[in-house]
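Overview (structure and organization)
Below, each chain spelled out in residue letters.
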Amino acid sequence: MPSPRVNLLHEIARHCGGAIRIVDERTSWPALVELRSASGDFLVSIHVARVVFSKRGRDAAERRYENPAKGDPIVVLPGTTPLVLGLWTEVGVPVIVVHEAERRLGQRSRVSLFVALACLEAAVATGWAEHVSASGERIIAFPAALFAVFAETLVAGIIPETEQMRAALLAAEPSANDAQSIERARRATSALVRDAKFRRFVVAAYGGACAMCGLQLGIAEAAHILPASAPGSADVAVNGIALCPNHHAAFDRHLLVVDPATLRILQHPKLSSEGESFSALTREYLAAPTDTNLRPSESMLQARLEHFADQCSWSRR
Ligand SMILES: [Zn+2]
C-alpha cells in the first residue's frame, strides 16, 4: 500500500492539472517528476508534504510542513533540480507553497518549513503571493492549478515581481477547470520571466551602472533599444542598454538618441533650455561594454531610429 506521502504526491499531481508527470514516485521525499515548460521538459527531485498547523502557539498566523523524519534530508537526484513544496487544503482552493530547496540540501535534522497564513490566503485571493523571510528566503505560494505558471519561473531560475505576476494573472483570468485559461496565464507570465531575465543580464553587462551617467546605487534598469513590440526585436544583450530611471525615461521619450555608428549621445534641444543639470551629467558617449556580444549592436540602434523616425527626426543633421 502506498504511503500517505506518495498518495499526497498523486493528489498534488491531480490538482496541478497535467503540469507534473510522475516518473518515479519513490518515497515522495523525493520523487522524480517531469515538468513541462516553454523551453522544454525538465526533471525535478520533488519533496512534498502537507501543510498543517504549526503548533508553536502561532496557529492564527502561520502554518508548517516538514520532512518525514530526522535523517530525511532534501537531496538532488542526478540530472535534476531540487524542489520542496507543501500542499495547503484548508480552504476550497488547494494552494502550493514552495521554499528554497537549495539552502537546505543535505540537512539531516528535522526540516520544518513555516509559511504565514496571510501568504497562503493572498495566493487564493490574487493567484500569486510571495513572502521574503528575515534571512532573505523567497517563499512563493499559488493555487495548485497554476503550477504550469510556477514551472516557467523554476526552469528560468528567476521569479518576476509579485505585482507584475498578479497583473498578468488577473488579465488571463485563469480558472482551475479551464485548461485554455491556464495556458493563457502560463504564456503571459512566461513573457514576464523572459523580461526579468533580459533585465538581469543587461544590467549585469554594464556592471550595474547607467551607461549615460554612471550612476549605480542598484537602481539601473534595462532599456530595450528596439522595443519588444517591434518586428525584429529580441531579448538579447545587444538589444539592451542599462540606464538609471531618469535616463531610461528620457531615452524612451526620445529626448536622447544614441548614434548607431559612434555611440555618441545626442541631446534634444529642449534639454539645453529645460534640463540643464540633467544635460550636464549626461555623458558625451555611451559607456557600453567592450565585449561585442554585450555591446549595443549598430543594426539594433539603426532599427530603433527607423522605428521611431518621426520622434527622432530632430537628431538628423
Ligand atoms: Zn543615468
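An account of the accompanying structure is given in this report. (Residues numbered from 1 in each chain as written. Predicted model: local features only at pLDDT ≥ 70, side-chain atom pairs only at ≥ 80, totals over all residues. Heavy atoms only, no water.)

**As for the pattern of salt bridges**
Scanning the entire structure with this criterion turns up 16 salt bridges. Residue Glu62 pairs with Arg56 through a salt bridge whose shortest N-O separation is 2.6 Å. Overall, Glu62 belongs to the buried group, its relative accessible area being 9%. Taking relative accessible area as the criterion, Arg56 reaches 41% and is therefore assigned partly exposed. (Salt bridge = Lys/Arg side-chain N within 4 Å of Asp/Glu carboxyl O. Buried < 20%, exposed > 50% of the residue type's maximum accessible area, 1.4 Å probe, protein only.)

**Regarding the coordination of the zinc ion**
Every protein donor of the zinc ion is listed here as Cys210 (SG), Cys213 (SG), Cys244 (SG) and His247 (ND1), and their distances to the metal cover 2.1 to 2.3 Å. Taken together, the four donor atoms coordinating the zinc ion and their angles of 100 to 118° define a geometry best described as tetrahedral. (Donors = N, O, S within 2.8 Å, 3.2 Å for Na, K, Ca; no water. Tetrahedral: all angles 85-135°; square planar, octahedral: opposite > 155°, others 65-115°.)

**Quick notes on the pairing of strand β9 (residues 129-132)**
As paired strands, β9 and strand β10 (residues 138-143) are joined by four bridges and run antiparallel to one another. Of the residues in β10, the one forming a bridge with Ala129 is Ala141. Counting the residues in the hairpin turn of β9 and β10 gives five residues, including Gly136, whose phi is positive at 90°. (Pairing = 2+ DSSP bridges. Helix = DSSP H or I, 4+ residues; strand = E, 2+ residues; numbered from the N terminus.)

**Some words on the environment of Leu271**
Within the secondary structure layout, Leu271 lies in helix α7 (residues 269-274). Note on Leu271: relative accessible area 7%, which makes it buried. In this structure, the C-alpha to C-alpha distance between Leu271 and Leu255, residues 16 residues apart in sequence, is 7.5 Å. Excluding residues within four positions of it along the chain, Leu271 makes contact with Leu255, Leu256, Glu276, Phe278 and Ser279. (Contact = heavy atoms within 4.5 Å.)

**Thoughts on the packing of aromatic side chains**
Applying the stated criterion across every chain yields a total of five aromatic pairs. Here the aromatic rings of Trp128 and Phe142 are separated by 5.5 Å at their centres, their planes lie at 20°, and the arrangement is stacked. Of this pair, Trp128 sits in the loop between α2 (117-126) and β9 while Phe142 sits in strand β10, and the two are 14 residues apart along the sequence. Pairing Phe147 with Phe150 gives two aromatic rings, centres 5.6 Å apart and planes at 65°, and the pair type is edge-to-face. Linking Phe147 with Phe150, this pair stays in helix α3 (residues 147-156), spanning three residues, or about one helical turn. (Phe/Tyr/Trp six-rings, centres within 6.5 Å; stacked < 30°, edge-to-face > 60°.)

**Focus: unusual backbone geometry**
Negative phi values dominate among residues other than glycine, just as trans dominates among peptide bonds. The amide bond that connects Trp29 to the next residue, Pro30, takes the cis arrangement and shows omega of 0°. Structurally, Pro30 is set in the loop between β1 (20-24) and β2 (31-37). The phi dihedral of Arg26 falls on the positive side, at around 40°, and the residue is not glycine. Overall, the relative accessible area of 42% leaves Arg26 in the partly exposed class. One non-glycine residue, Leu217, lies in the positive phi region at around 55°.

**Section: the nonpolar core**
One broad trend across soluble globular proteins is that nonpolar side chains are buried collectively. Counting residues in each nonpolar core, the largest one holds 37 residues, and the members touching the most others are Ile12, Ile20, Ile46, Leu85, Ile96, Phe142 and Phe147. No other element matches the five residues that α3 contributes to this core. Leave out the neighbours within four places in its chain, and Phe147 touches Cys16, Ala19, Ile20, Leu35, Leu83, Leu85 and Phe142. Membership of the second largest hydrophobic core comes to 28 residues, among which are Ala222, Leu226, Val258 and Leu263. (Core = buried A, V, L, I, M, F, W, Y, C linked by side-chain atoms within 4.5 Å.)

**A word on the packing of α3 against helix α5 (residues 179-205)**
Between α3 and α5, the shortest axis-to-axis distance is 9 Å and the interhelical angle comes to 20°. When the axis of α3 is compared with that of α5, the two are roughly parallel. The handedness of the crossing between α3 and α5 is right-handed. In this structure, α3 uses Ala148, Val149, Glu152, Thr153 and Ala156 to contact α5, whose residues at the interface are Ala185, Arg186, Thr189, Ser190, Val193 and Lys197. Looking at the contact of α3 with α5 residue by residue, the classes come out as five nonpolar, three polar and three charged. (Axes fitted to C-alpha atoms, helices over the stretch in contact; angles between N-to-C directions. Parallel < 35°, antiparallel > 145°, perpendicular 65-115°, else oblique. Left-handed = near helix turned anticlockwise from the far one by under 90°. Nonpolar A, V, L, I, M, F, W, Y, C, P; charged D, E, K, R; others polar.)

**Structural notes on the environment of Leu263**
Note on placement: Leu263 falls in the loop between β13 (256-258) and β14 (265-267). Looking at Leu263, the relative accessible area reads 5%, which means it is buried. Residues Leu263 and Arg166, 97 residues apart in the sequence, show an inter-C-alpha distance of 38 Å. In contact with Leu263, other than residues within four places in its own chain, are Val258, Glu284, Tyr285, Leu286, Ala288, Arg295 and Leu301.

**What to know about the sheet that holds strand β5 (residues 62-66)**
Taken together, the three strands give an open sheet; going across it, the order is β4-β5-β8, and neighbouring strands pair in antiparallel fashion. Of all the strands in the sheet, the pair left with one neighbour each is β4 (52-53) and β8 (112-116). Across two bridges, the pairing between β4 and β5 is antiparallel. Among the inter-strand pairings, Val52 is bridged to a residue of β5, identified as Arg64. The sheet strands contacting α2 are β5 and β8, and the helix crosses β8 at an angle near 60°.

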